[in-house]
Amino acid sequence: MTITIDSKTLNAMSLDENIEVVAVTNDAWENQEYKQKVRVFGIVKSWSLACYEKDVAWDDSVAKHLQNVAKGGNAVGFIVDEGTTHQVNTNVYVLGVALNYSGGVANYRTFTITLQEKT
């Protein structure tokens, strides 16, 4: 799996893609029957990625870079290349970066990134 964010290649262990429908519902009475009408406005696409880094200094860390991207609030490029299985090429906002140093392995960090597609 080849994944890049803002031209930085990630060591991804997993990737979850979510699509949330944005819609409103309203009650209606038609032909002497109750109906629940749905109006769909669109979708919000988001991703959660579990990643790792080994023997990477903090100053060179993708996690640190993405924390700074999140602070800036700017959209960045996001590419997933799984060949014919799955392709993504869009711009995203970094909504979260959660670091984890447990596991007892020296010079090893894991982190989870939360992204949302720029619409």
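Everything quoted here is computed from the prediction, not taken from an experiment.

About the cut-offs
Per chain, residues are indexed from 1 in the order of the written sequence. A pLDDT threshold of at least 70 governs which residues receive local features in this predicted model, and a stricter bar of 80 or more applies before side-chain atom pairs are shown or counted, although totals over entire chains, interfaces and linings include all residues. Processing note: side-chain calculations cover all non-hydrogen atoms of the structure and skip hydrogens and water entirely. Remark: nonpolar core denotes a set of buried residues (Ala, Val, Leu, Ile, Met, Phe, Trp, Tyr, Cys) joined through side-chain atoms within 4.5 Å. Burial classification: accessible surface area is computed with a 1.4 Å probe over protein chains only, and a residue below 20% of its type maximum counts as buried, one above 50% as exposed, and the rest as partly exposed. The contact criterion used throughout is that any non-hydrogen atoms of two residues lie within 4.5 Å. Any two strands are treated as partners once DSSP identifies two or more bridges connecting them. Strands are runs of DSSP state E lasting at least 2 residues, helices are runs of H or I lasting at least 4, and numbering of each runs from the N terminus. Comment: axis = line fitted to C-alpha atoms, over the contacting stretch for helices; angle = value between 0 and 180 degrees taken between N-to-C directions.

A. Highlighting the nonpolar core. Counting 19 residues, the largest nonpolar core has Ile5, Leu10, Trp47, Leu49, Phe78, Ile113 and Leu115 as its most contacted members. With near-sequence residues (within four places) excluded, Trp47 lies in contact with Leu15, Asp16, Glu17, Phe78, Val88, Thr90, Val92, Ile113, Thr114, Leu115, Gln116 and Glu117.

B. Examining the sheet that holds strand β4 (residues 33–54) more closely. Reading across the sheet, the 7 strands line up as β2-β1-β5-β6-β7-β4-β3 and stay open at both edges, with antiparallel pairing between neighbours. Looking at the sheet topology across the chains shown, the edges are occupied by β2 (8–10) and β3 (12–30). Geometrically, the sheet is characterised by an average inter-axis angle of 35 degrees between neighbouring strands, direction not taken into account. Where strand β5 (residues 76–81) lies against strand β6 (residues 87–100), 6 bridges are found, and the strand directions are antiparallel. Within the sheet, the bridge partner assigned to Phe78 lies in β6 and is Thr90.

C. Inspection of unusual backbone geometry at higher detail. Positioned with a positive phi, Ser7 is a non-glycine residue whose angle comes to about 65 degrees. Along the chain, the position of Ser7 falls in the loop between β1 (2–5) and β2. Since its relative accessible area comes to 72%, Ser7 is described here as exposed.

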